[in-house]
There are 4 protein chains.
Amino acid sequence: MKSRIYEIMEKAKSRDIPSLIFDWTLVTLISLNVLSVILESFSSLKKQYEHFFSIFELVSVVIFTIEYFLRIWTSNLKYPRKTKVLSALAFIFSGMAIIDLLSILPFYIPLATSIDLRVLRVLRLTRMLRILKIGRYSASMALIGRVLKRSKSDLIVTLFVTFLLLLLASSLMYYVENPVQPDKFPNIVASAWWTIVTLTTVGYGDVYPITVLGKVLGGIIALLGIGLVALPTGIISSGFMEEIRLKNQSTTTKDKVCPHCGLPIGDN
Amino acid sequence: MKSRIYEIMEKAKSRDIPSLIFDWTLVTLISLNVLSVILESFSSLKKQYEHFFSIFELVSVVIFTIEYFLRIWTSNLKYPRKTKVLSALAFIFSGMAIIDLLSILPFYIPLATSIDLRVLRVLRLTRMLRILKIGRYSASMALIGRVLKRSKSDLIVTLFVTFLLLLLASSLMYYVENPVQPDKFPNIVASAWWTIVTLTTVGYGDVYPITVLGKVLGGIIALLGIGLVALPTGIISSGFMEEIRLKNQSTTTKDKVCPHCGLPIGDN
Amino acid sequence: MKSRIYEIMEKAKSRDIPSLIFDWTLVTLISLNVLSVILESFSSLKKQYEHFFSIFELVSVVIFTIEYFLRIWTSNLKYPRKTKVLSALAFIFSGMAIIDLLSILPFYIPLATSIDLRVLRVLRLTRMLRILKIGRYSASMALIGRVLKRSKSDLIVTLFVTFLLLLLASSLMYYVENPVQPDKFPNIVASAWWTIVTLTTVGYGDVYPITVLGKVLGGIIALLGIGLVALPTGIISSGFMEEIRLKNQSTTTKDKVCPHCGLPIGDN
Amino acid sequence: MKSRIYEIMEKAKSRDIPSLIFDWTLVTLISLNVLSVILESFSSLKKQYEHFFSIFELVSVVIFTIEYFLRIWTSNLKYPRKTKVLSALAFIFSGMAIIDLLSILPFYIPLATSIDLRVLRVLRLTRMLRILKIGRYSASMALIGRVLKRSKSDLIVTLFVTFLLLLLASSLMYYVENPVQPDKFPNIVASAWWTIVTLTTVGYGDVYPITVLGKVLGGIIALLGIGLVALPTGIISSGFMEEIRLKNQSTTTKDKVCPHCGLPIGDN
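For the structure given in this document, a descriptive report is provided here. Remember, it's a predicted structure, so these values are computed and weren't measured experimentally.

## Section: the overall build of chain A
- On a plain count of helices and strands, chain A comes out with ten helices and zero strands.
- Shown N-terminal to C-terminal, the secondary structure of chain A runs as helices and strands in the order α-α-α-α-α-α-α-α-α-α.
- Relative to its full complement of 268 residues, chain A shows a buried share of 49%.
- Within chain A, contacts between residues at least 6 apart in sequence are counted, and of these 55% link residues at least 24 apart.
- Entry remark: accessible area of chain A is about 13,400 Å², with carbon and sulfur atoms responsible for 71%.

This is the structure we're talking about:
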């Protein structure tokens, strides 16, 4: 029975009706949760239907909690370890499980604590990502996942270089603009806001340099921002190409073997 | 005679004079319609030449209506189905036909209705896309179409992930900024406006975070916006490369067959 | 002597001293002209050194005029045609010659005419592009030129689709926002300013939608703007890859011919 | 002993404990220096802990100075030249050494000089880049470095064309907008600020055209800005693909040699 429950909760096989029902019920419940978070943000709606919202929240949290414990119970099927406790821990500290826990925990923590953790409810949104694993878009989802995984190391280096550039640009800009605009560039951390808004080419216009040196520096930083867009794009592009190349290779090599060499022909 | 009319209305063969005349008359009429919509938006021009605009609109709608019915009449040549009615329905519910209908319908619906549907006239603009099918740019148009079709599934997944990111970022930003700027972030739907303006790196500057936490979050969202540009660009780039590779393959394989193996050499 | 003058004015061979002197003199003169245009834009400098600026302008125009007539004279060497007049006309109506003429013509047209054509002097800037043809960056310049030429047709289609999208978005936005912001969206042409600023993700913030429908529409248009960046990037990326592939092919095929097949191996 | 010191200061071998200690000590010291620069920018913190900051600065500069002289001393091992002096000079004028010197020099120059050079302290940030050479991301760092080096010439041409476009657009915009907005476009240099903010699609909104001609011109320049993003992205993308292709080639050619031809098969 345990392995049957596990089967139902995992990705549905094409004809497993209970599993499909489970999947779509959960998708519906998550969607309704997202809708409820959005609607509750309208203060007029919240006042009028407060009772309804709290009942729905109660029902949702109960279901999600049951699901969470069922997943701990069946964790030894997903994460086979020496003991059941190790399996449960392997599950609990997996990325998805932490997010799941965070999204239901705020309900159980007494609301008397000064920090309002209900904001964590929005994490339920991330569960929507799992919807993509069901159905026709799973191949695309897997492809994008593989490309990002393949490019991970290059993207991290790009992010690190961006971070250094951010620090350097913010420091220089602070020294140049602080004497003239002490309210806009009060310290290096605050001037990092300007830098990130410029490097990403968002440019709200709430902060911008007004000195000549600041404008020259700002122009150079904006041009470097173009590079910040170009580098990850190049990395991701080549990642996609490499994936397509590998797919072509594996489909073509089967039939195209030179009878002379006994080696595949034309696969690079 | 029916198949002759169909021939004339479809894409012109290189020397079919009546068909070419039909194509270019329609292109001219559509262009004049677009011009008329633009000119009518100038209130001074509209007042002065109101009579002229309404006559031109009448003439245009009559021509477009005749064309629409002729297309229904000849639909069994384009969409061969069991009965004529099925062919007509296949045409009527095709994307292009719906747009055509929407662009002439407002004229027939009494203007007394409260909603002014004349805005739908601008849909006539989309007919301009068909111009590209005629003439020297048809190959490029077809290439871009094939690339977008090939990348469709990946782009939809990107759009879905963007949509989740949009919801998540808007919710977080609402919880962080609402207490300080209740007029700028009144609810999650309103704060989605900020998120989309930031993720697409437009950055009007009408709404921006002012709290420290909001700025940190905003910076991270803006950086993720770079990824939002990088992903579709990478997908489309690899789509173009794949198309070019396929074209090269089909042109080179003909002559390059190894006389030993009888298999194509060097096509990957 | 005529062909010697032609040789000197054309791209310098590596050791042709007079030709190199000619090239670098012209580059220096153009650079000084650009500097003069920039300096003259400072009203204080213009007043103080007005005399100096007009003498320098006189000298420059005389030199450029002599060069222009020398090029007409030697045009039959560059554009061999049946008669000298045809050669001269072929030169005069070439893109570069038209720009050259436009950049010196304003001097000769009496300044009494109401329109101040001196703005055309800035066209001398475009002559700087020719500098890239000299020296070590000529290969890169040629590569970028070939890529843009190869992608020309695809880029034109992208531009045309962008133009249609611009018209469609501007019309819809005019109908949605005009009743609420008649000063910001007075007509379709004016609302095209908003559309282009949004589609290119510049986003100054001088105009932005304030109605809910306008914001929804604006968000969709901003997302389409991402596509507007992704499409040309993909086209240009694949253009660069194709150029590199062709270069690799031509360098590798020479040595790698299978002695069995007599055909190149492994070039795709 | 000299070569041992050199070994310790250079990139650590996997089990060389003193070298690893040296590397990580320096990384920690640089990180603390960066933190100190950031914290000192908060005026309240600076006042309160001024004594602490100056002691830390003194200690840091002493350590960096000792390191600098040790590197000069061991320079003949890194830059083998005819004489020791030539080796030392080769080191001193290397890019990294100049930055190192600039980042400690301001301490030694008497603070009485009118220009406050302490801003150069932020250059210590660039030393963080060396951290990437240690550890698991060194391969990605090297890959990005190779791609940028390979694309250098193409990127320089793009930058030069951008510079010409910047000058041309600024000049035209000055002539068009100056009569209406003399405070926003006072001269060509000032209007270059608008151009760069537009070309990079940042768009703060502090300056924007208000005349019809200016908006038309601005729209065209913004569209060209899209090209400015597309070109380097395409160049960098193709650079990454070329690097991946070369890597694949070198790993596959070893095993895939046709026993008939004795030539590698399928490498393109």
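The structure having been displayed, the exposition proceeds.
## Some details on the relation of the copies chain B and chain A
- Superposing chain B onto chain A takes a rotation of 90° plus a shift of 0.0 Å along the axis, which leaves an RMSD of 0.1 Å. Taken together, these values place the two copies in the relation of a four-fold axis.

## Remarks on helix 2 (residues 17-40) of chain A
- With 24 residues, helix 2 of chain A should reach 34 Å at 1.5 Å per residue; the first-to-last C-alpha distance of 34 Å fits that figure.
- Those residues of helix 2 of chain A that fall on the buried side of the exposure criterion are Ser19, Asp23, Leu26, Val27, Leu29, Ile30, Asn33, Val34, Ser36, Val37, Ile38 and Glu40 of chain A.
- Considering only its buried residues, helix 2 of chain A is in contact with helix 1 (2-9), helix 3 (43-48) and helix 4 (50-73) of chain A together with helix 8 (138-177) and helix 9 (188-199) of chain B.

## A few points about unusual backbone geometry
Residue and element names in this part refer to chain A.
- Of note, Thr201 is a non-glycine position whose phi angle comes to about 60°, a positive value.
- Considering the arrangement of structural elements, one finds Thr201 in the loop between helix 9 (188-199) and helix 10 (212-252).
- The class for Thr201 is buried, based on a relative accessible area of 5%.

## What to know about the interface of chain C and chain B
- Chain C puts 54 residues into the contact, and the matching count from chain B is 45 residues.
- Between chain C and chain B, roughly 4,400 Å² of surface is buried when both sides are summed, and carbon and sulfur atoms account for 74% of that area.
- Counting the surface chain C buries against chain B, the share from its top three residues, Val157, Tyr175 and Ile226 of chain C, is 12%.
- Taken together, chain C and chain B are joined by seven residue pairs in polar contact (both at pLDDT 80 or more).
- For the side of chain C that touches chain B, the leading source of residues is helix 10 (residues 212-252) of chain C, giving 18 residues.

## Focus: the interface of chain B and chain A
- Counting from both sides, the interface comprises 54 residues of chain B and, opposite them, 46 residues of chain A.
- Counting across the interface, chain B meets chain A through zero salt bridges.
- In this structure, the connection of chain B to chain A is made through seven residue pairs in polar contact (both at pLDDT 80 or more).
- Of all the secondary-structure elements, those providing two or more residues to the side of chain B that touches chain A are helix 8, helix 9 and helix 10 (212-252) of chain B.
- For the side of chain B that touches chain A, the leading source of residues is helix 10 of chain B, giving 18 residues.

## Considering a nonpolar patch on the surface
Residues and elements named next belong to chain B.
- Together, Val85, Leu86, Leu89, Phe93, Ile98, Leu101, Leu102 and Leu105 make up an exposed nonpolar region whose accessible area comes to about 670 Å².
- Of all the secondary-structure elements, those providing two or more residues to the nonpolar patch are helix 6 (84-92) and helix 7 (95-108).
- Here the nonpolar patch gets four residues from one element, more than from any other, and that element is helix 7.
- Take Leu102: it is sitting in helix 7.

## Some words on the packing of aromatic side chains
- Taken as a whole and assessed by the stated rule, the structure comprises 28 aromatic pairs over all chains.
- Relative to Phe69 of chain C, the ring of Tyr68 of chain C lies with its centre 6.1 Å away and its plane at 80°, an arrangement referred to as edge-to-face.
- Given the relative accessible area of 51%, Phe69 of chain C is considered exposed.
- Of the aromatic side chains, those joined through ring pairs into one cluster are Tyr68, Phe69 and Phe91 of chain A.

## Describing the side chain of Glu57 of chain C
- Here Glu57 of chain C lies in helix 4 (residues 50-73).
- Residues contacting Glu57 of chain C, with those up to four places away along its chain left out, are Asn33, Phe107, Arg121 and Arg124 of chain C.

## Focus on the pattern of salt bridges
- According to the stated counting rule, one finds 16 salt bridges over all chains in the structure shown.
- The salt bridge involving Arg245 of chain C is made with Glu242 of chain C; its shortest N-O contact spans 3.2 Å. One end of the pair, Arg245 of chain C, and the other, Glu242 of chain C, are both in helix 10, three residues apart, so they sit about a helical turn from each other.
- Relative accessible area serves as the criterion here: at 18%, Arg245 of chain C is assigned to the buried category.
- Residues Glu243 of chain D and Arg146 of chain D are paired through a salt bridge, measuring 2.8 Å at the closest nitrogen-oxygen approach. Of this pair, Glu243 of chain D sits in helix 10 (residues 212-252) while Arg146 of chain D sits in helix 8 (residues 138-177), placing them 97 residues apart in sequence.
- For Arg146 of chain D, a relative accessible area of 41% gives the class partly exposed.
- Sharing partners across several salt bridges, the network here consists of Arg146, Arg150 and Glu243 of chain A.

## Concerning the environment of Leu231 of chain B
- You can see Leu231 of chain B is positioned in helix 10.
- In the structure, Leu231 of chain B is positioned 77 residues away from Asp154 of chain B in sequence and 9.4 Å away in space, judged by C-alpha atoms.
- The contact partners of Leu231 of chain B, leaving out residues within four places of it in the chain, are Ile144, Ile236 and Phe240 of chain A together with Thr158 of chain B.

## Considering helix 8 (residues 138-177) of chain C
- If you check helix 8 of chain C, its first and last C-alpha atoms are just 50 Å apart, much less than what 40 residues at 1.5 Å a residue would give, namely 58 Å.
- At Lys152 of chain C, helix 8 of chain C shows its maximal bend, which comes to roughly 60°.

## Details of the packing of helix 4 (residues 50-73) of chain B against helix 6 of chain B
Residue and element names in this part refer to chain B.
- Their axes nearest at 8 Å, the elements helix 4 and helix 6 cross at an angle of 135°. One element, helix 4, and the other, helix 6, form an angle in the oblique class. From helix 4, Tyr68, Arg71 and Ile72 reach across to helix 6, where they touch Ala88, Phe91 and Ile92.
- Its residues assigned to classes, the contact of helix 4 with helix 6 shows five nonpolar, no polar and one charged.

## Quick look at the packing of helix 8 of chain C against helix 8 of chain D
- Running from N to C, helix 8 of chain C and helix 8 of chain D point in directions that differ by 75°, and their axes come no closer than 9 Å. It follows that helix 8 of chain C is roughly perpendicular to helix 8 of chain D by the angle criterion. Between helix 8 of chain C, through Ser140, Met141, Leu143 and Ile144 of chain C, and helix 8 of chain D, the contact on the second element is made entirely by Ser153, Asp154, Val157 and Thr158 of chain D.
- Class assignment for the residues of the contact of helix 8 of chain C with helix 8 of chain D results in four nonpolar, three polar and one charged.

## Things to note about the environment of Glu7 of chain B
All names here are of chain B.
- Position of Glu7 among the secondary structure elements: in helix 1 (residues 2-9).
- On the basis of relative accessible area, Glu7 is assigned to the partly exposed category, the value being 35%.
- C-alpha separation for the pair Glu7 and Thr74, spaced 67 residues apart in sequence, amounts to 9.7 Å.

## Thoughts on the environment of Phe107 of chain B
All names here are of chain B.
- Summarising the element assignment, Phe107 is placed in helix 7.
- The spacing of Phe107 and Glu57 is 50 residues in sequence and 8.6 Å in space, taken between C-alpha atoms.
- When residues no more than four places from it in sequence are discounted, the contact partners of Phe107 are Glu57, Leu58 and Val61.

About the thresholds
Residues numbered from 1 in each chain as written. Chains lettered and ligands numbered in written order. Predicted model: local features only at pLDDT ≥ 70, side-chain atom pairs only at ≥ 80, totals over all residues. Heavy atoms only, no water. Helix = DSSP H or I, 4+ residues; strand = E, 2+ residues; numbered from the N terminus. Buried < 20%, exposed > 50% of the residue type's maximum accessible area, 1.4 Å probe, protein only. Contact = heavy atoms within 4.5 Å. Areas by Shrake-Rupley, 256 points an atom, 1.4 Å probe, with all protein chains shown as cover. Least-squares fit on C-alpha atoms with pLDDT ≥ 70 in both. Expected span 1.5 Å × (residues − 1). Buried area = accessible area lost by both parts, 1.4 Å probe. Polar contact = N/O pair within 3.5 Å; in protein donor to acceptor, adjacent residues only side chain to side chain. Salt bridge = Lys/Arg side-chain N within 4 Å of Asp/Glu carboxyl O. Patch = residues over 30% accessible without salt bridge, like charges linked within 9 Å, V, L, I, M, F, W, Y side chains within 5 Å. Phe/Tyr/Trp six-rings, centres within 6.5 Å; stacked < 30°, edge-to-face > 60°. Bend = angle between axes of the 7 residues up to and from the residue. Axes fitted to C-alpha atoms, helices over the stretch in contact; angles between N-to-C directions. Parallel < 35°, antiparallel > 145°, perpendicular 65-115°, else oblique. Nonpolar A, V, L, I, M, F, W, Y, C, P; charged D, E, K, R; others polar.

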